[in-house]
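Structural description and commentary
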Amino acid sequence: MLVLKTSFKNIIGAGKRTWLNVAVLSFTFVIMVSYNGFIDGWQQEAYRDTENWETGAGQLWHPQYDRFDVFTLQDAHAAIPSGLRTYVDNGTLTPILITQGVIYPQGRMQNILLKGIDPKQQILSIPSQELAQTGEISALIGSRMAESTALKKGDRVMIRWRDKNGVFDAREILIAGIFSTKVPSVDAGQLWLNLNTLREMTGMPDEATYFVESKDCPLKTDADGWLYKDIDFLTADIKAMTDGNRVESAVIFSILMAIALLAVFDTQTLSIFRRRKEIGTYIALGMTPKRVIWLFTLEGTSFSVLAVLAGFVWGTPLLWWFGKVGMKMPEIDMNVVMGDTMYPSYELSSILTAIVLIVCLSAIISYLPARKIAKQNVVNALKGKL
Amino acid sequence: MHFRKYSYICTAKVYDFMDTEFVISIDSLTKTFPVGGSFFTALNNVNLVFGKGEFTGLVGPSGSGKTTLLNIIGSLDTPSTGDASVLGHSIAKLTPKESAELRNRNIGFIFQSYNLLPVYTVYENVEFALLLQKTPVDARRKAVMEALEWVGLTDKEKSRPSQLSGGECQRVAIARAMVKRPAIVLADEPSANLDAKNSHNILQTMRKLNKELKTTFIFATHDEKVMQYLTRIVSLRDGEIEKDSLIEKPASC
Ligand SMILES: Nc1ncnc2c1ncn2[C@@H]1O[C@H](COP(=O)(O)OP(=O)(O)OP(=O)(O)O)[C@@H](O)[C@H]1O
Ligand SMILES: [Mg+2]
């Protein structure tokens, strides 16, 4: 207690140098928290959007299906097995059928995927109910697709596809709606059709390429020869991406931290050098050298405690403001799930991690020069001799 | 108090049988410092005893070993050979923890340059020693106020050392040394930075405490003003005791 009080008094009494250290440390702290806040915020949103728009709570794949290889599509379809029928009927499972196709917007040609979705499905956010009307073949596209093909709602466009026998067929379809999503993998290069229409077009009645599960769907293992894919598998790319960001953040944090720790180290070394007489006085008053080492270590550590407090004081309004207005994102990568504004999410665990790191590292860095106190000759120290 | 009469002509060994009457006994103490490749002898075979309540001065030319002797008595330094027994503790054998404990409980230091803690107020500087002893709050407050009263600084309790005059700083240092009512106070040139008036002032204060509390005071000094108050003068020269004389009636006080 005495040591704690003394160390605080000493660093408050030390003036400018203290505040410099506190400023650098608290800057590091706030940067660390906000950077991680943005990563966490982005990750959470990416998971949420991907789950809502693309993956659902899990999927069951046709054994031939590989989402990264369009050539598997030709064989990756089969009729809905009887074991899955109940789930499809009660709406906890929805079939998606995929086939390759070509679109001809304004006479240009573009390879696309035709995806059939049940208009009545409630699992994905894709507005499939807009595909319910019969008559013309109507289709939904995402805003990225609309931009790359220059198609608008109500436009008609020619598409061509192969049926199950490999025979080409072509038809003009109506763009019934354009949806906006942050998930490029349900948008770019694809056209959403009524599932039954696509089945008729391809001659694949009652067939599907994969099933999307709702949260209530109890199927968590392979079923009827269809392969279960859990959410971790389906969102592995998001994880890889955030892991990359975290490495980046760790590098930035390390650099800032190194600068801050250097300042603390420098201050501590200098102060042990300059305050030899004071050290001698503590020992003459009956403190053991060990206790004086502890005092100086605590002094260095107090910088970080003050820095964290200061960080809370100036960082809270700032981070709150970031949370409110978000950060406008430049359009960088079309393949990444990302809105135009990124909102941070401050996790208690990452704030605590930042605090523990800053405090512990400062403690270690303060201890290093303080160890020298034990080797000092008290008598010389009392004289303030060097 | 007849032992005093012999203390300066006989070695401490002779008085082993009446050790309890001595607060400090120094036995064949030699202190050497490594200088360059060889050793410099700062104290050479010193034998001395100090009784309870003495007001003794170590005098002698600069470099004669006064500070060195005080530091060893205060367990801030260790003997090269021989030993000093302070309140029954052998200085040569103390662990760092034991020597810290001895200083904390039983020895008050007063330095030429005051050595007050700059970030603390007068009150807190005096309180520090008691905090180290974990004295309870009430007793602490009482002791600190009493000590400030002894030195006449009750009105300055909230000042910081930088706001005090040299004489006031030295009085704070005296209060800090005395607040724990130690058996021994070691003062190294306590008046060197003070003018005549302040010197007499603090010496009278110390002499008063010496009489009231039976604290043993040992000074290292060149100062004629200090010598007027001493009850015993030990003269050192080149690390050896040259003369040890009792003053039955100090001039001042
Ligand atoms: N750490 C040391 N290393 C080497 N020599 C030392 C050391 N400390 C003291 N000495 C020497 O020991 C001798 C006695 O020193 P000391 O400080 O005890 O003298 P002093 O009597 O207190 O002198 P002064 O009146 O000037 O304060 C001096 O010659 C000094 O140079
Ligand atoms: Mg000296």
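Residues numbered from 1 in each chain as written. Chains lettered and ligands numbered in written order. Predicted model: local features only at pLDDT ≥ 70, side-chain atom pairs only at ≥ 80, totals over all residues. Heavy atoms only, no water.

Attention shifts here to the pairing of strand 7 (residues 184-188) of chain B. Residues and elements named next belong to chain B. For strand 7, the tally of buried residues reaches 5 of 5 residues, placing the bulk of the element in the interior. The sheet contact formed by strand 6 (residues 107-110) and strand 7 spans 4 bridges and is parallel. Among the inter-strand pairings, Phe109 is bridged to a residue of strand 7, identified as Leu186. Since strand 7 and strand 8 (residues 216-220) lie parallel, the crossover through helix 7 (residues 196-213) that links them has a hand, and here it is right-handed. (Buried < 20%, exposed > 50% of the residue type's maximum accessible area, 1.4 Å probe, protein only. Helix = DSSP H or I, 4+ residues; strand = E, 2+ residues; numbered from the N terminus. Pairing = 2+ DSSP bridges. Right-handed = clockwise from strand over helix to strand, strands pointing away.)

The predicted model of chain A averages 89 in pLDDT, with 97% of residues at 70 or higher. Model confidence for chain A, summarised as mean pLDDT per element, is weakest for strand 12 (residues 327-328) of chain A at 78 and strongest for strand 10 (residues 210-213) of chain A at 95. (pLDDT = per-residue confidence, 0-100.)

What follows concerns the interface of chain A and chain B. Contacts between the two partners involve 20 residues from chain A and, on the opposite side, 22 residues from chain B. Among the residues of chain A in contact with chain B, Leu2, Lys9 and Leu285 of chain A are the three that bury the most area, contributing 29% of the side total. At the boundary of chain A with chain B, the tally comes to 1 salt bridge. Lys9 of chain A is the partner of Glu124 of chain B in a salt bridge, and the nearest nitrogen-oxygen pair spans 3.1 Å. Connecting chain A to chain B are 6 residue pairs in polar contact (both at pLDDT 80 or more). At the level of elements, helix 1 (2-13), helix 8 (276-284) and helix 11 (378-383) of chain A are the ones that each hand at least two residues to the side of chain A that touches chain B. Looking at the side of chain A that touches chain B residue by residue, the class counts come to 9 nonpolar, 6 polar and 5 charged. (Contact = heavy atoms within 4.5 Å. Buried area = accessible area lost by both parts, 1.4 Å probe. Salt bridge = Lys/Arg side-chain N within 4 Å of Asp/Glu carboxyl O. Polar contact = N/O pair within 3.5 Å; in protein donor to acceptor, adjacent residues only side chain to side chain. Nonpolar A, V, L, I, M, F, W, Y, C, P; charged D, E, K, R; others polar.)

Within the structure, ligand 1 sits among 15 residues, and Ser62, Gly63, Lys66, Thr67 and Thr68 of chain B are positioned closest to it. Residue neighbours of ligand 1 fall on chains A and B, so the site bridges chains. In the model, an oxygen atom of ligand 1 is placed 2.5 Å from a nitrogen or oxygen of the Ser62 of chain B side chain. Contacts to ligand 1 include Ser64 of chain B, whose backbone N or O atom sits 3.3 Å from an oxygen atom. Coverage of ligand 1 by the protein chains reaches 71% of its 630 Å² of free accessible surface. At the level of elements, strand 1 (22-35), strand 2 (38-51) and helix 2 (66-73) of chain B are the ones that each hand at least two residues to the shell around ligand 1. Ranked by the residues each element gives to the shell around ligand 1, the list is headed by helix 2 of chain B, at 3 residues. In terms of residue class, the shell around ligand 1 is made up of 5 nonpolar, 8 polar and 2 charged. (Near = heavy atom within 4 Å. Areas by Shrake-Rupley, 256 points an atom, 1.4 Å probe, with all protein chains shown as cover.)

Attention now goes to the pairing of strand 3 (residues 55-59) of chain B. Residue and element names in this part refer to chain B. For strand 3, the buried fraction is high: 5 of the 5 residues fall into the buried class. Neither face of strand 3 is left uncovered, since the one carrying Phe55, Gly57 and Val59 and the one carrying Thr56 and Leu58 both have all their residues buried. Sheet topology note: the strand 3/strand 9 (residues 232-237) ladder contains 4 bridges and is parallel. Of the residues in strand 9, the one forming a bridge with Leu58 is Val234.

Attention now goes to the confidence of the model for chain B. Residues and elements named next belong to chain B. In the predicted model, chain B carries a mean pLDDT of 88, and the fraction of residues at 70 or more is 91%. Between residues 1-20, whose pLDDT stays under 50, and residues either more than four places distant or in other chains, the model counts 27 contacts. Both scores are available for the predicted complex, with the pTM at 0.77 and the ipTM at 0.88.

Quick look at unusual backbone geometry now. Residue and element names in this part refer to chain B. At Ser28, a residue that is not glycine, the phi angle is positive and equals roughly 45°. Structurally, Ser28 is set in strand 1. The phi dihedral of Lys134 is positive, around 60°, even though this residue is not glycine. Look at Lys134 and you get exposed, because its relative accessible area is 67%.

Our focus in this paragraph is the sheet that holds strand 4 (residues 81-86) of chain B. Residues and elements named next belong to chain B. If you walk across this open sheet you meet the 4 strands as 2-1-4-5, and the pairing is antiparallel. If you trace the sheet from one side to the other, it starts and ends with strand 2 and strand 5 (89-90), each paired once. The pairing of strand 4 with strand 5 spans 2 bridges and is classified as antiparallel. Following the sheet pairing, Ser85 is matched in strand 5 by Ser90. Across the sheet, helix 2 lies against strand 1, strand 2 and strand 4, angled at about 120° from strand 1, the strand it touches most. (Axes fitted to C-alpha atoms, helices over the stretch in contact; angles between N-to-C directions.)

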